[in-house]
Amino acid sequence: MLQVFLSLILSLSISAKDLKDSCEKANANDCFEYAYEMSKRGDQLAPIIYFKKGCDLKDGKSCFALERVNQKLNQTKNSLDLLKKSCDYNFPTGCLHLARHYFKKKSYIEAVESFEKGCKLGLKSSCEEKEKYDTYFSKIIRSAAKDLSESESSDQEIYLRLLKERMSLLEKDCKAEKFESCTMLANNFLFLGNLKDARKWAETSCNNKSPYGCLALGEVEQKEEKLEFTSFEKACDLDLGIGCLRFAQSIEKKNLARSMSFYRRSCQAEIGPSASSCMKYSNYQSRNPKLANKFRELGCKLDKTLCPN
């Protein structure tokens, strides 16, 4: 029994050492894994050092984890900066927490944009909060003052002022070839129901190989009631999971087999892989247990709530 126990300790040490060595070779994910492993062992210093290393290597979950550690230590000076980095580096939970921070500060435009990015990266709770606030702001900006409560009138004034300022800045940045700003500008015009300008800025972004720009253009195509949403396919080709998912959904009734190839790509996408797409493809491959299990495991890894057992 003692020999088995010692072997287990040795294997854990070797595993942790391998993660640390890999981190030192600039493998960002292994910086996170090493920091997390050391935190489970009760180490107080290593998680701070190695979450920071992961964050410096643009691993969003490492930035978020470092922000959480700092919160526990009451070191909140860099909290907002770390949340911004976490979201910028495509960690959806970071976007969700960033959005909540903005909302508390009444920075409504940044809040909605952050909820939207978390949603597009596949986080269900971010989608739910985005939908709630979209509904609220859609109501207040389209309502006469006499139909609003005092607090809604105040929010309307703040929101429209911030939106005007934000869109002016985004247009300036877009013209300076910051194409993520073109996408955000397109999304704002889409929210306002201005399809002409939404298409203009989404095309600018998509034509410059922005996956989110192509996604926005696909959403414009939906509003325009096009027969096919080819821009979703372009977003998928740029490895955006939700782009593959939206295109799969758009062709599923017409071509099931082809749609499943896009659900598979959505599951395995580099940016925001979709757990639900993994499960959909797994079910489709039910006659091939090996393949079905592979994609079910991928789905469970992406979203543990899908596999409680």
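Higher on the page you've got the structure.
(A) Seen up close, the overall build of the chain. A count of helices and strands for the chain gives 17 helices and 0 strands. In terms of overall dimensions, the chain has a C-alpha envelope of 75 × 55 × 40 Å along the principal axes. Burial analysis of the chain (309 residues in total) assigns 45% to the buried set. A sequence separation of at least 24 residues applies to 47% of the contacts in the chain between residues at least 6 apart. As displayed, the chain offers around 17600 Å² of accessible surface, 51% of which is attributable to carbon and sulfur atoms. One finds the centroid of the 52 positive side-chain charges in the chain at a distance of 2 Å from the centroid of its 43 negative side-chain charges.

(B) Structural detail: the pattern of salt bridges. All told, the structure shown has 24 salt bridges when counted by the stated rule. A salt bridge links E224 to R199; the nearest nitrogen and oxygen atoms lie 2.8 Å apart. One end of the pair, E224, is in the loop between α12 (211–223) and α13 (230–237); the other, R199, is in helix α11 (residues 195–207), with 25 residues separating them in the sequence.

(C) How the structure looks around the packing of helix α9 (residues 150–175) against helix α10 (residues 179–191). Put simply, α9 and α10 touch, their axes get as near as 8 Å, and they point 140 degrees apart. When the axes of α9 and α10 are compared, the crossing they make is left-handed. Across the interface between the two elements, Y159, L163, R166, M167, L170, E171, D173 and C174 of α9 pack against S181, C182, M184, L185, N188, F189 and F191 of α10. Residues of the contact of α9 with α10, tallied by class, amount to 10 nonpolar, 2 polar and 3 charged.

Each value, and the rule that gives it
Sequence positions are assigned chain by chain, starting from 1 and proceeding in written order. Where local features are concerned, this predicted model is filtered to residues with pLDDT of at least 70; where side-chain atom pairs are given and counted, the filter is 80 or more; whole-chain, interface and lining totals use all residues. The side-chain numbers reported here are obtained from all heavy atoms of the structure, hydrogens and water having been left aside. By definition, any uninterrupted DSSP run of H or I lasting at least four residues is a helix, any uninterrupted run of E lasting at least two residues is a strand, and each is numbered from the N terminus. The classification of residues rests on relative accessible area computed with a 1.4 Å probe and restricted to protein chains. Under 20% of the type maximum is buried, over 50% is exposed, and intermediate values are partly exposed. Residues count as neighbours in contact if any of their non-hydrogen atoms are within 4.5 Å of one another. The protein chains shown are the only cover counted for residues, whose accessible areas, like all others here, come from Shrake-Rupley with a 1.4 Å probe. Only four residue types enter the tally: Lys and Arg on the positive side, Asp and Glu on the negative side, with His and both chain ends excluded. Charge positions come from single atoms, namely NZ of Lys, CZ of Arg, CG of Asp or CD of Glu. Definition used for salt bridges: Asp or Glu carboxyl oxygen within 4 Å of a side-chain nitrogen of Lys or Arg. Fitted lines through C-alpha atoms give the axes, limited to the stretch in contact for helices. The angle between two N-to-C directions lies from 0 to 180 degrees. Each crossing gets its hand from how the near helix is turned against the far one by less than a right angle, where anticlockwise is left-handed and clockwise is right-handed. Amino acids are sorted into nonpolar (Ala, Val, Leu, Ile, Met, Phe, Trp, Tyr, Cys and Pro), charged (Asp, Glu, Lys and Arg) and polar (every other residue, Gly among them).

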